[in-house]
Amino acid sequence: MMEIKNLEKAMDIYAKLITGEDIKRGGANGSLYDDYYGNAEVYEIVGIMLKKLNLSLYEYKESLYLSAGEGNRVFGYTNEELKKCIGVRYNKELYLCYFIIYEILLAFYSDSGAYQFKEYIKIENIMEEVTKALSVFTKDIAIYSMEEEQAESFQTVALLWDELPASTGEEQEDIRASRASKASFVKLTFNFLVSENLFVEVNRRYYPTERFKAIVEHYFEEYRGQIYELLSREKTEENFEANE
């Protein structure tokens, strides 16, 4: 029979995580971390609760992090909500931000299977990678075995990016988040990631937080096959072009 005190501990863990508090060994909520891993019933109750609520719990460097599961309408974002949060108006602009986020993820991941977290990245680094990746779709989209709707979506994003100027003439330190240029679109995206406690900005450098590292590591573990497939496609295309 379930003990009430264990249910209360499980609820405490959930309450702390859902409100954004840290649960880490040795931290302010360290006893809850110990309860989670040291009490089988607490561990089981938390797991059941999170599964029912479509939430994922990640452990990284003796800390616990919560993330909404795929398609979670309560704790996640709808496309319309994301457009408002990020500051874009159209779906194609939102999809461009998705693609920018994807390239940010790849900046901290090695396809060899090792996680190689850089200390920081800058706006121009991501601009270069997005330009390189999207150029494939404007050259020959037929090389990808996608459904036609998906192909058109990628092509639309690629064309949107291609039409944007690199910047609006501002200096690197004066880049403003907007939809006016490639640099400002990346800045817009980074601002959202900072607001979600995934990055910290210091002197125009973006440093990944422990929460980001926890989520991205588990994301690539869960979707490794799909990520490898896309990476191999990109490499195949690069090799094809190099041999022409």
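Residues numbered from 1 in each chain as written. Predicted model: local features only at pLDDT ≥ 70, side-chain atom pairs only at ≥ 80, totals over all residues. Heavy atoms only, no water.

Caption draft 1: Representation of the packing of helix α1 (residues 4-18) against helix α2 (residues 30-38) within the structure. Packing of α1 against α2 brings their axes to within 10 Å, and their N-to-C directions diverge by 125°. Here α1 is positioned oblique relative to α2, judged by the angle of their axes. Remark: the crossing between α1 and α2 carries left-handed chirality. Facing K9, D12, I13 and K16 of α1, the residues of α2 in contact are L32, D35 and Y36. (Axes fitted to C-alpha atoms, helices over the stretch in contact; angles between N-to-C directions. Helix = DSSP H or I, 4+ residues; strand = E, 2+ residues; numbered from the N terminus. Parallel < 35°, antiparallel > 145°, perpendicular 65-115°, else oblique. Left-handed = near helix turned anticlockwise from the far one by under 90°. Contact = heavy atoms within 4.5 Å.)

Caption draft 2: Inspection of the nonpolar core at higher detail. In this structure, F190 and F199 are the most contacted members of the largest nonpolar core, which totals 37 residues. Residue assignment for this core shows that the elements contributing at least two residues are α4 (79-86), α5 (91-106), α6 (123-139), α7 (148-163), α8 (182-195) and α9 (210-222). Setting aside residues no more than four positions away along its own chain, F199 makes contact with I104, F108, I121, F190, L193, V194, Y206, Y207, P208, T209 and F212. Grouped together as the second largest cluster of nonpolar side chains are 16 residues, Y14, Y36, I45 and V46 included. (Core = buried A, V, L, I, M, F, W, Y, C linked by side-chain atoms within 4.5 Å. Buried < 20%, exposed > 50% of the residue type's maximum accessible area, 1.4 Å probe, protein only.)

Caption draft 3: Fine view of the sheet that holds strand β3 (residues 63-68). Taken in spatial order, the three strands make up an open sheet running β1-β3-β2, and their pairing is antiparallel. Bordering the open sheet on either side are β1 (23-24) and β2 (55-59), each of which pairs with just one other strand. (Pairing = 2+ DSSP bridges.)

Caption draft 4: α8, seen in detail. Given a rise of 1.5 Å per residue, 14 residues ought to cover 20 Å, and the 20 Å separating the end C-alpha atoms of α8 matches this to within 8%. For α8, a buried count of eleven out of 14 residues is recorded, marking the element as mostly surrounded by other parts of the structure. For α8, the full list of buried residues reads K182, A183, S184, F185, V186, K187, L188, T189, F190, F192 and L193. One or two positions beyond α8, positive phi appears at N197, with a value near 60°. (Expected span 1.5 Å × (residues − 1).)

Caption draft 5: Spotlight on the pairing of strand β4 (residues 199-202). Where β4 lies against strand β5 (residues 205-208), four bridges are found, and the strand directions are antiparallel. Each bridged residue has a counterpart across the sheet, and for E201 the counterpart in β5 is Y206. Where β4 folds back onto β5 in an antiparallel hairpin, the turn is made up of two residues, including N203, whose phi is positive at roughly 50°.

Caption draft 6: Summary view of the packing of α4 against α5. Orientation of α4 relative to α5, taken along the N-to-C sense of each, is 75°, at an axis distance of 10 Å. Regarding the angle of α4 to α5, the classification is roughly perpendicular. Packed against α4, whose contacting residues are N79, E80, L82, K83 and I86, the element α5 presents N91, L94, Y95, C97 and Y98 at the interface. Within the contact of α4 with α5, the residues separate by chemical class into six nonpolar, two polar and two charged. (Nonpolar A, V, L, I, M, F, W, Y, C, P; charged D, E, K, R; others polar.)

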